[in-house]
Amino acid sequence: MRLETACVNSVHAQRFFRQQHVSKPKLSGGGRSFRPGGGSSRLSNSVCLVVHCRCNTCPCANDGRAVELAGAAVVAWPRQQQRVGERVNRRQLVQGSAVLPALLLASRSGFAAARTSEDAFGSSAVRDLARTLAGKPYEAPDEKLPSGLHDLDYDQYRSIRYLPERALWRGKNIPFEAQFFHRGFFYKNRVNIFEVADGKATELKYRKADFSFGEKVPAFEDVDLGFAGFRIHAPMNRADYYDEVCVFLGASYFRAVAKGQTYGLSARGLSIDTGEAKGEEFPLFKAFWLERPAPGATSLVIHALLDSKSCAASYRFTVRPGDTTVFDVEMSVYPRVEMQRTGLAPMTSMFFYGPNDRNDIDDFRPSVHDSDGLAIFNGKGESLWRPLSNPRDLQISTFQDLNPRGFGLMQRERNFFAYQDIESSFEKRPSLWMEPIGDWGEGGVKLFEIPTKEEVHDNIAAFWQPKNPLQAKGEHNYTYRLHWGPDSPKAHSRARFTRSGIGARGEDARLFVLDLLGDNLKGIDPAGVKGVVTADKSEIKNIVTQPNPYTGGWRLSFQCQVKGAPIELRAFLAEGDKLLSEVWVYRWAP
């Protein structure tokens, strides 16, 4: 595996910077404001961060419980090193013949939306639809709205709520329910949603009576508006209460939580040209098909159609809520043009500061982040841990690999006292681990770390980028599993890094203090444990390894000489030739 890195000068980054902002008072203790969504398919020459909502008064609020409205995390960064890649068709996952019904009737948006009351729906219906759609010129999404809805502000939009008693499947002895989001504000694109039952797809029609509207929402005519997105509920924490499990809203963004957790980071269907100076292209989910579960079902199947200038794609999500909520994802991509920089299984998160990065921070909380590190289990069987940072300059890293076994943005710190934030509960934010099914070939895990001065922005992005481009007019199939929960599946018994602390030692040195936990370290002879630390452009001194009696783990510390240039560091614990821990990798930058 080879690590390639790039640091973009802040002056250069600011030249492209554009931040979408919504005026809204922030909650005390670090509440995050509203997140704008992906109304445009491209942002030209811009860096655009993400804005969040964490309140219990949004239309996403579930019967008064605090939940988060998951919107489109629009991000586009300046140019990095250009890389091209190829995606070979490896595995056909969605099988079976299907009837392609009246799903292909023309509309202004180019989406073949079913307009009959019921249409036959087979296992490959959405895949066939995506293939047909990719063979036609791209048409912009339908953003037509009545005048009273077109210019809603934040407060007006959050006062529109779906009535829980109108939820799909309520009262039918089905262990899932669906509620829907109204169009307006940043969410102007029409999304068509269908219920699939007994082999037929029936469109779910918008009904104004299914929503409550605040007093300040202007009057508008009752017409078929479609929806902006939806959320799924299931009795995850209690048998007698349907908790919110996941939400699909804004561009191709979606989120999920596991038992006892609150919303944090997001996933996306696809990323295209992320980091390119010409601007990132933002695909949109424009239709969903929800399969009606049977009584007693433990999973829910969601089909989705994605469209963009460069491609169309189909998705099949099998959602299993629980202690870890698991999404099995089957995806087929049909490029209209050659796609040289495609991000697979993309995810976005927030890292404001932590014990490794508290420069210029004046805040009562020790740490503020939705994720504290990028974990990678590469094709060679090596586990890497890369603590996240909020850099002064834009940083882009590529971890090259062959047939990766998994990666994810993780929230390892689960102690409230590490955050001291009663409202935000960062210790309850989920980790997200992506597990490829089958061989994904050559490529790399790309990590973007964007400077931010506020916690309202998602400034972290990660995804898998194939080495070779996705060829036009082809079919490119992928399957993977997303694990939303407190941790990633453990691939081995080696110890993990749990905390990375960094402090000054004079003007030209930094002290690194790394804590580890692992059952394999218990009872081990301290005399046989050694810390191995290397740096590409610096001298390492005073390497110390010792048991940590307060955590029951171990501590590795060392000093590193620093000057003006970034330094790539690598560290692990070993006993002779035996690796005792995962490998800690880090870029220190001035």
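Keep in mind the model is a prediction, meaning the values are calculated, not measured.

1. Some words on the overall build of the protein
Then step 1. Looking only at helices and strands, the protein features four helices and 35 strands.
Then step 2. In the protein, buried positions account for 60% of the 590 residues.
Then step 3. A separation of at least 24 residues holds for 71% of the contacts in the protein among residues at least 6 apart in sequence.
Then step 4. Entry remark: accessible area of the protein is about 22,300 Å², with carbon and sulfur atoms responsible for 49%.

2. Overview of helix H2 (residues 125-134)
Then step 1. Counted residue by residue, H2 has eight buried out of 10 residues, so it is predominantly covered.
Then step 2. All buried positions along H2 are accounted for by Ala125, Val126, Arg127, Asp128, Leu129, Ala130, Leu133 and Ala134.
Then step 3. For H2, the elements touching its buried residues are strand E13 (284-291), strand E14 (300-307), strand E15 (311-320) and strand E16 (325-335).

3. A few points about empty space enclosed by the protein
Then step 1. In total, this model carries five cavities of 30 Å³ or more according to the counting rule given.
Then step 2. Roughly 60 Å³ of volume is contained in the second largest cavity.
Then step 3. Residue lining of the second largest cavity: 11 residues in total, with Val126, Arg127, His303, Ser314 and Tyr315 positioned closest to the centre.
Then step 4. Mapped onto the lining of the second largest cavity, the elements with two or more residues apiece are H2 and E15.
Then step 5. Taken together, the residues that form the lining of the second largest cavity break down as four nonpolar, four polar and three charged.

4. Some words on the pattern of salt bridges
Then step 1. In total, this model carries 35 salt bridges according to the counting rule given.
Then step 2. A salt bridge links arginine 170 to glutamate 177; the nearest nitrogen and oxygen atoms lie 3.1 Å apart.
Then step 3. One salt bridge connects aspartate 307 with lysine 286, and the closest N-O pair in it is separated by 3.4 Å. Taken as a pair, aspartate 307 in strand E14 and lysine 286 in strand E13 lie far apart in primary sequence, 21 residues in all.
Then step 4. Connected via shared salt-bridge partners are Arg190, Glu203, Lys205 and Asp224.

5. Remarks on the packing of aromatic side chains
Then step 1. Within the structure shown, the criterion is met by 39 aromatic pairs.
Then step 2. An angle of 75° between the planes, with centres 6.1 Å apart, marks the rings of phenylalanine 512 and tryptophan 584 as edge-to-face. Remark: tryptophan 584 occurs in strand E35 (residues 583-588) and phenylalanine 512 occurs in strand E29 (residues 509-517); sequence separation between them is 72 residues.
Then step 3. Its relative accessible area of 0% is what places phenylalanine 512 among the buried residues.
Then step 4. These aromatic residues form a ring-pair network of at least three members: Phe230, Phe248, Phe254, Phe285, Phe288, Tyr315, Phe317, Phe327 and Trp484.
Then step 5. The ring of tryptophan 385 carries the charged tip of arginine 412 above its face, separated from the ring centre by 3.7 Å.

6. Quick notes on the sheet that holds strand E28 (residues 496-504)
Then step 1. A sheet is described by the order of its strands in space; here four strands give the open sequence E28-E29-E32-E31, paired in antiparallel fashion. Each having just a single partner strand, E28 and strand E31 (540-548) make up the two edges of the open sheet. Across this sheet, the average inter-strand angle for adjacent strands is 15°, counted without regard to direction.
Then step 2. Of the pairings in the sheet, the one linking E28 to E29 comprises eight bridges and is antiparallel in character. Opposite serine 500, over in E29, you have leucine 514 as the bridge partner.

7. So, the pairing of strand E10 (residues 253-256)
Residues in a regular strand project their side chains so that they alternate between the two faces of the sheet.
Then step 1. Burial along E10 is two-sided: the residues Tyr253 and Arg255 and Phe254 and Ala256 are all buried.
Then step 2. When strand E9 (residues 241-249) meets E10, the two strands line up antiparallel, connected through three bridges. Bridging from a neighbouring strand, phenylalanine 248 pairs with phenylalanine 254 of E10.
Then step 3. Linking two consecutive strands that pair antiparallel, namely E9 and E10, is a turn of three residues; a positive phi of about 90° is found at glycine 250 within it.

8. What to know about the confidence of the model for the protein
Reading predicted coordinates in detail is not appropriate for stretches of low pLDDT.
Then step 1. Confidence in the prediction for the protein averages 83 pLDDT; 80% of positions are at 70 or higher.
Then step 2. Taken as a whole, residues 7-117 scores under 50 in pLDDT and shows 399 contacts with residues more than four places along the chain or in a different chain.

9. Description of the nonpolar core
Among soluble globular proteins, nonpolar side chains are generally buried collectively.
Then step 1. Phe180, Phe248, Ile302, Tyr315, Phe317, Phe327 and Leu482 are the most contacted members of the largest nonpolar core, which totals 88 residues.
Then step 2. When sequence neighbours within four positions are dropped, the list of residues in contact with phenylalanine 327 reads Cys246, Phe248, Phe254, Ala256, Phe317, Thr318, Val319, Tyr480, Arg481, Leu482 and Trp484.
Then step 3. Trp433, Phe497, Leu569 and Tyr586 belong to the second-largest nonpolar core, a separate cluster that totals 27 residues.

10. Comments concerning the environment of phenylalanine 194
Then step 1. As for its position among the elements, phenylalanine 194 is in strand E5 (residues 192-197).
Then step 2. Residue phenylalanine 194 is classed as buried on the basis of its relative accessible area of 0%.

11. Describing the side chain of serine 389
Then step 1. Relative to the helices and strands, serine 389 is located in the loop between strand E21 (383-387) and strand E22 (394-402).
Then step 2. Every residue in contact with serine 389, bar those within four places of it in the chain, is listed here: Phe351, Asn356, Asp357, Gln395, Glu449, Ile460 and Tyr586.

12. Section: the environment of alanine 495
Then step 1. Locating alanine 495 in the fold gives a position in the loop between strand E27 (476-485) and E28.
Then step 2. Sequence separation of alanine 495 and leucine 516 is 21 residues, and the distance between their C-alpha atoms is 6.3 Å.
Then step 3. Contacts of alanine 495, omitting those with residues within four sequence positions, involve Leu516, Leu517, Gly518, Asn520, Leu521, Leu580, Ser581 and Glu582.

13. Some remarks on the pairing of E16
Then step 1. Most of E16 sits out of view: 11 of its 11 residues are buried.
Then step 2. Along E16, one buried face is formed by Thr325, Phe327, Val329, Met331, Val333 and Pro335 and the opposite face, lined by Val326, Asp328, Glu330, Ser332 and Tyr334, is buried too.
Then step 3. Bridge count for E15 against E16 is 10 bridges, and the pairing is antiparallel. Paired with cysteine 311 across the strands is proline 335, a residue of E16.
Then step 4. Adjacent in sequence and paired antiparallel, E15 and E16 are bridged by four residues.
Then step 5. One ladder, built from nine bridges, connects E16 with E27; its direction is antiparallel. Bridge assignment links serine 332 to a residue of E27, and that residue is asparagine 477.

Basis of the calculations
- Residues numbered from 1 in each chain as written.
- Predicted model: local features only at pLDDT ≥ 70, side-chain atom pairs only at ≥ 80, totals over all residues.
- Heavy atoms only, no water.
- Helix = DSSP H or I, 4+ residues; strand = E, 2+ residues; numbered from the N terminus.
- Buried < 20%, exposed > 50% of the residue type's maximum accessible area, 1.4 Å probe, protein only.
- Contact = heavy atoms within 4.5 Å.
- Areas by Shrake-Rupley, 256 points an atom, 1.4 Å probe, with all protein chains shown as cover.
- 1 Å grid on protein atoms, 1.4 Å probe; cavity = no way out; pocket = protein on both sides within 12 Å on 5 of 7 lines; lining within 4 Å.
- Points joined across faces, edges and corners; volume = space filled by probe spheres on them.
- Nonpolar A, V, L, I, M, F, W, Y, C, P; charged D, E, K, R; others polar.
- Salt bridge = Lys/Arg side-chain N within 4 Å of Asp/Glu carboxyl O.
- Phe/Tyr/Trp six-rings, centres within 6.5 Å; stacked < 30°, edge-to-face > 60°.
- Lys NZ or Arg CZ within 6 Å of the ring centre and 35° of its normal.
- Pairing = 2+ DSSP bridges.
- Axes fitted to C-alpha atoms, helices over the stretch in contact; angles between N-to-C directions.
- pLDDT = per-residue confidence, 0-100.
- Core = buried A, V, L, I, M, F, W, Y, C linked by side-chain atoms within 4.5 Å.

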